[in-house]
Each structure stands twice: as structure tokens, then as C-alpha cells.
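Spelled out from the first residue to the last, the chains are:
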Amino acid sequence: MDSLFTVNCFQVSIATLFIFDYFYQLEDEVTFIWSRAGWSAGKALFGPTRYIPFIIIPLMLFSSLGVNVGVHTCKIVFYVLAVLETVAIALSQVIFGLRAYAMWNRNKAVLVTYCCVAVGYVAAIVCILQSFLPSVTYGPPPLPIISGCYKTGGSSVDFATYVVIMLADAVTTTLTVYRAYRHFRHTPNALVQTMTRDGVLYCVSVFSMSIANVLIMLLVPPQYADIITV
């Protein structure tokens, strides 16, 4: 009971933080994205990356806090969450890959590197999901007061997902930091400084979160495995 309560508190906190962050940045989003005419690759990628969490988070809360949720419903919600989270992470990887590519003045070697990373990333994630998704099972909770979906089993192979994300982020971080140190550290251009700073902060944050997910999945009881995945 204590572990389920802790996980639910974390997930509600994550939802609250996301909502706060969304409205905190909404003015900038409208100004720099939606108020500009026309569409670009960046804008097309930004839309789903930004708004897929509005589907993920309610589904996450439903699976954790819903009352009398059937096992079949839990399985469907779990599959939908897995697909949406995979798509959202992949899109964010593409966005920051394009950012690094732009910082390298569209260098062909960087493009080839990212193409190889993308192929390996997709192949690895597909293999991991094919192994992991069927292994997850749900059942009726042992006590009626336990809300949401009650997971009864699942392979620990999903930790490899975060290892793959870490490797992809390591490429982006290395390219961004190297380019920033060798070419942009003394530039007066505010846009380049912002791209460099935000790119490094993003990669370091996601890299750290992936490490945390791997450690949680390997070191703590299985009840806490999903505590920060979203």
C-alpha cells in the first residue's frame, strides 16, 4: 500500500509540474511558434512533441487512480501509453538532433551519424518493446481499496529502453558540447548561445533521468519501477 501511494503521489506531482510548466511557457509558445505563418519541419515536430503529453498524463493518472478498472482496459491503456511515450521521446530526439545538425552547419558527417543513430535507435526500441509489452500482466488488486491498474508481472528488460535513450543522448550531447566549446564559446550571438545552453541542459537532464530510471528498475522493488518513467 505504501509503495502504491508513493508512486501515485509522484505521478500526481509530475502532472501538476507539467501543467504549471505549460502555462508558464504558453506565452512564448504562442509568440514564437503559433503566431508565425506557415509550417516548417521544426514546427511540425514541435506540435506533437508538445501535446502528446496531454494524452499521456491523463491516461497515466487513470491507470493509477481509476476505480474498478478492468484488466483488459488496463492492458489497452498500457499499450497506448507505451506507444505514445516512445513516439514522444523519439520526436524530441529528432528535434535536438536537428538542432545539433544546424549548429554544425548541416555537416554531412553529422547527418550520417544521426541517420545511423536513428536506425539503431528504432531497431533497438522495437526489439525491446516486442519482448517487454507481452510480458506485462494485470490482475484484480488484493484489496478493494487499491485503485487503478494492479500490475502482477512484467519483464525487467524495459530498462534497456533507457540505456538506448542514454546512448542517443550521449551522441547529441557530445556533438553539442564539442561544437560549443570549439566554435561558440565566445560568440556574441544570443541565439547561438541559447541554442547551445538549452541543448546541453536538455541532453544532460534527459541523460540523468534515463540513468535514474535504469537504477530504479534494477535496484528498487518492482512496485517503484514506473515511478518516474513518465
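In this text, all values refer to a predicted model and were calculated from it rather than measured experimentally. (Residues numbered from 1 in each chain as written. Predicted model: local features only at pLDDT ≥ 70, side-chain atom pairs only at ≥ 80, totals over all residues. Heavy atoms only, no water.)

Another point: the overall build of the protein. Across its full length, the protein holds 7 helices and 2 strands. Counting only C-alpha atoms, the protein reaches 60 × 35 × 30 Å along its principal axes. Across the 230 residues in the protein, those meeting the buried criterion constitute 36%. When contacts within the protein are restricted to residue pairs at least 6 apart in sequence, long-range pairs at least 24 apart make up 72% of them. If you sum the accessible surface of the protein, you get close to 13,500 Å²; carbon and sulfur atoms cover 70% of it. In the protein, the 12 positive side-chain charges and the 10 negative ones have mean positions that sit 16 Å from each other. (Helix = DSSP H or I, 4+ residues; strand = E, 2+ residues; numbered from the N terminus. Buried < 20%, exposed > 50% of the residue type's maximum accessible area, 1.4 Å probe, protein only. Contact = heavy atoms within 4.5 Å. Areas by Shrake-Rupley, 256 points an atom, 1.4 Å probe, with all protein chains shown as cover. Lys, Arg positive; Asp, Glu negative; His and termini not counted. Charge placed at Lys NZ, Arg CZ, Asp CG, Glu CD.)

Here the focus is the UniProt feature "domain: DUF6533" (unreviewed entry) in the protein. With numbering aligned to this structure, UniProt lists the feature "domain: DUF6533" (unreviewed entry) at residues 9-55. The annotated region residues 9-55 carries 85% helix and 0% strand content, and the separation between its end C-alpha atoms amounts to 19 Å. (UniProt positions renumbered as here; feature names shortened; annotations may be inferred.)

This part covers the packing of aromatic side chains. The description of two aromatic rings rests on the distance between their centres and on the angle between their planes. Throughout the structure, instances matching the rule amount to 12 aromatic pairs. Ring geometry for Tyr51 and Phe54: centres 5.5 Å apart, planes at 20°, overall stacked. For Phe54, a relative accessible area of 36% corresponds to the partly exposed category. Between the aromatic rings of Trp104 and Tyr178, the centroid separation amounts to 5.9 Å while the plane-to-plane angle is 5°, which identifies the pairing as stacked. Within this pair, whereas Trp104 is found in the loop between helix H4 (71-103) and helix H5 (108-132), its partner Tyr178 is found in helix H6 (residues 159-184), the two being separated by 74 residues in sequence. On the basis of relative accessible area, Tyr178 is assigned to the partly exposed category, the value being 42%. Here Lys43 stacks its cationic end above the ring of Trp39, 5.2 Å away from the centre of that ring. (Phe/Tyr/Trp six-rings, centres within 6.5 Å; stacked < 30°, edge-to-face > 60°. Lys NZ or Arg CZ within 6 Å of the ring centre and 35° of its normal.)

Turning next to unusual backbone geometry. For Asn68, which is not glycine, the phi dihedral falls at a positive 55°. Classification of Asn68 by relative accessible area gives exposed; the value is 79%. Positioned with a positive phi, Asn105 is a non-glycine residue whose angle comes to about 55°. Relative to the helices and strands, Asn105 resides in the loop between H4 and H5. Given the relative accessible area of 60%, Asn105 is considered exposed.

Mapped onto this numbering, the UniProt entry gives "transmembrane region" (unreviewed entry) at residues 76-98, 110-133, 159-178 and 199-220. Taken end to end, residues 159-178 is 100% helix and 0% strand, and its two terminal C-alpha atoms sit 29 Å from one another. Along residues 199-220 the backbone is 95% helical and 0% strand, and the end-to-end C-alpha distance reaches 31 Å.

Mapping Gly154 onto the fold places it in the loop between strand E2 (150-153) and H6. Gly154 sits in the partly exposed class, given a relative accessible area of 48%. For the pair Gly154 and Ala212, spaced 58 residues apart in the sequence, the C-alpha separation amounts to 19 Å. Apart from residues lying up to four places away in sequence, Gly154 is in contact with Ser135 and Val136.

Next up on the list: the environment of Leu215. Relative to the assigned elements, Leu215 resides in helix H7 (residues 190-219). Using a relative accessible area of 44% as the deciding quantity, one classes Leu215 as partly exposed.

Turning our attention to the nonpolar core. Membership of the largest hydrophobic core comes to 22 residues, with the highest contact counts inside it found for Phe78, Tyr121, Leu133 and Tyr138. Listed by contribution, the elements that provide at least two residues to this core are H4, H5, H6 and H7. For this core, the element with the most residues is H6, which contributes 6 residues. Sequence-distant contacts of Leu133, that is, excluding residues within four places in its chain, are made with Lys75, Phe78, Tyr79 and Ala82. In terms of nonpolar packing, the next biggest core, distinct from the first, is built from 8 residues, Ile52, Ile56, Leu84 and Leu91 among them. (Core = buried A, V, L, I, M, F, W, Y, C linked by side-chain atoms within 4.5 Å.)

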